[in-house]
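Single-letter residue listing:
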Amino acid sequence: MNKELFIESVEKLNINLTNEMLDQLEEYYKILVSENAKYNLTTITDKESVYLKHFYDSLTLSKIIKLDNQSLCDIGTGAGFPGMVLKIAFPNLKVTLVDATEKKCNFLKLVINKLNLKDIEVINARAEIYSKEVREKYDIVTSRAVAPLKHLLEYSIPLVKVDGTYIAMKSDITKELEGISNYENKLKIYNQKILTFKLPVEESTRTLISYTKKEKTNKIYPRRYNEIKKKEI
Ligand code: SAH
């Protein structure tokens, strides 16, 4: 996706990127590519693919939720997708980027410094540990391409405020919905919306699934990672 098509496609998402934001994305792209040799951050490095599969794709979160000045936590953000891109496009968001890998966190801090972004923090932690302590804190929690939906729900929902939203960004989720109602009941959430669409240009499938949290999460969740993996909730 070249720059023109990127801008045009983003406008169709009803997002207006200022010149400063476009410059920030360009700078982000340059840092990503130059640091990638050291850190192995992404396999996607050619410019048109980064603009499509990382930048545009991250912004599609706005198809399912209005982003404004809420607090947003991105679990397993990797090189900053979607959290860093959303921070650039929606500067009023208060963003927390969480990733288990230290080198990725160092990269994220470098980008934040170079772009001089405010109200954004990086937490180097595993989500299932972080969410043991940090409860009911964020308006929105999201993750793109991190783990099976059931795992994501168990360690992400505790972080969400009551009446807040959790959104998973995935390709295809049909197989992941089997037995999910048990998770919905135990975690006191309800499935608000499922949105399926195709990315422009390459036409691959994307799915956004959003949940609303009805009540505080029982302290027994999340369980330890081994249990999360071994046994359904
Ligand atoms: N969201 C990014 C990265 C996906 S790769 C993107 O879409 O491009 C998955 C990332 O999640 C990795 O960076 C990995 O370190 C992180 N991760 C996986 N499981 C995690 C966990 N339980 N807690 C925190 N980070 C996790």
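Notes on the structure in this doc start here. Keep in mind that this is a model prediction, so the values were computed, not measured.

Definitions and cut-offs
- Residues numbered from 1 in each chain as written.
- Predicted model: local features only at pLDDT ≥ 70, side-chain atom pairs only at ≥ 80, totals over all residues.
- Heavy atoms only, no water.
- Pairing = 2+ DSSP bridges.
- Helix = DSSP H or I, 4+ residues; strand = E, 2+ residues; numbered from the N terminus.
- Axes fitted to C-alpha atoms, helices over the stretch in contact; angles between N-to-C directions.
- Contact = heavy atoms within 4.5 Å.
- Parallel < 35°, antiparallel > 145°, perpendicular 65-115°, else oblique.
- Left-handed = near helix turned anticlockwise from the far one by under 90°.
- Nonpolar A, V, L, I, M, F, W, Y, C, P; charged D, E, K, R; others polar.
- Near = heavy atom within 4 Å.
- Polar contact = N/O pair within 3.5 Å; in protein donor to acceptor, adjacent residues only side chain to side chain.
- Areas by Shrake-Rupley, 256 points an atom, 1.4 Å probe, with all protein chains shown as cover.
- Core = buried A, V, L, I, M, F, W, Y, C linked by side-chain atoms within 4.5 Å.
- Buried < 20%, exposed > 50% of the residue type's maximum accessible area, 1.4 Å probe, protein only.

### Brief notes about the sheet that holds strand E3 (residues 120-124)
Spatially, seven strands are ordered E3-E2-E1-E4-E5-E7-E6 in an open sheet, and the strand pairing comes out mixed. With one partner strand each, in any of the chains shown, E3 and strand E6 (189-198) form the two edges of the open sheet. Taking the axes of each pair of neighbouring strands and ignoring which way they run, one obtains an average angle of 15° across the sheet. Bridge count between E6 and strand E7 (residues 205-213): nine bridges; the pairing is antiparallel. Across the sheet, Lys-198 pairs through a bridge with Thr-205, a residue of E7. Packing against the sheet, helix H3 (residues 47-59) makes contact with strand E4 (138-144), strand E5 (160-170) and E7, and its axis sits at approximately 150° to E4. Against the sheet, helix H5 (residues 102-115) engages strand E2 (94-99) and E3, with an angle of about 165° to E3.

### A word on the packing of helix H2 (residues 19-39) against H3
Contact geometry of H2 with H3 gives a least axis separation of 11 Å together with a crossing angle of 110°. With respect to H3, the axis of H2 lies roughly perpendicular. Between H2 and H3 lies a crossing of right-handed hand. On H3, the residues touching Leu-22, Leu-25, Glu-26, Tyr-28, Tyr-29 and Leu-32 of H2 are Lys-47, Val-50, Tyr-51 and Phe-55. Grouping the constituent residues of the contact of H2 with H3 by class yields eight nonpolar, no polar and two charged.

### A look at the site of the ligand
Around the ligand sit 16 residues in total, of which Gly-76, Phe-81, Asp-99, Ala-127 and Arg-144 are the nearest. In the model, a nitrogen atom of the ligand is placed 3.2 Å from a nitrogen or oxygen of the Ala-100 main chain. Between Arg-126 and the ligand, the recorded distance is 3.1 Å, taken from a side-chain N or O atom to a nitrogen atom. Taking 570 Å² as the accessible area of the ligand by itself, protein coverage stands at 82%. Per-class residue counts for the shell around the ligand are seven nonpolar, four polar and five charged.

### Brief notes about the nonpolar core
Counting 53 residues, the largest nonpolar core has Phe-6, Tyr-28, Phe-55, Leu-59, Met-84 and Phe-107 as the members making the most contacts within it. Mapped onto this core, the elements with two or more residues apiece are helix H1 (3-12), H2, H3, helix H4 (83-89), E2, H5, E3 and E5. Counting residues per element, this core draws most heavily on H2, at eight residues. Counting residues in hydrophobic clusters, the runner-up holds 30 residues, among them Ala-127, Tyr-130, Tyr-221 and Ile-233.

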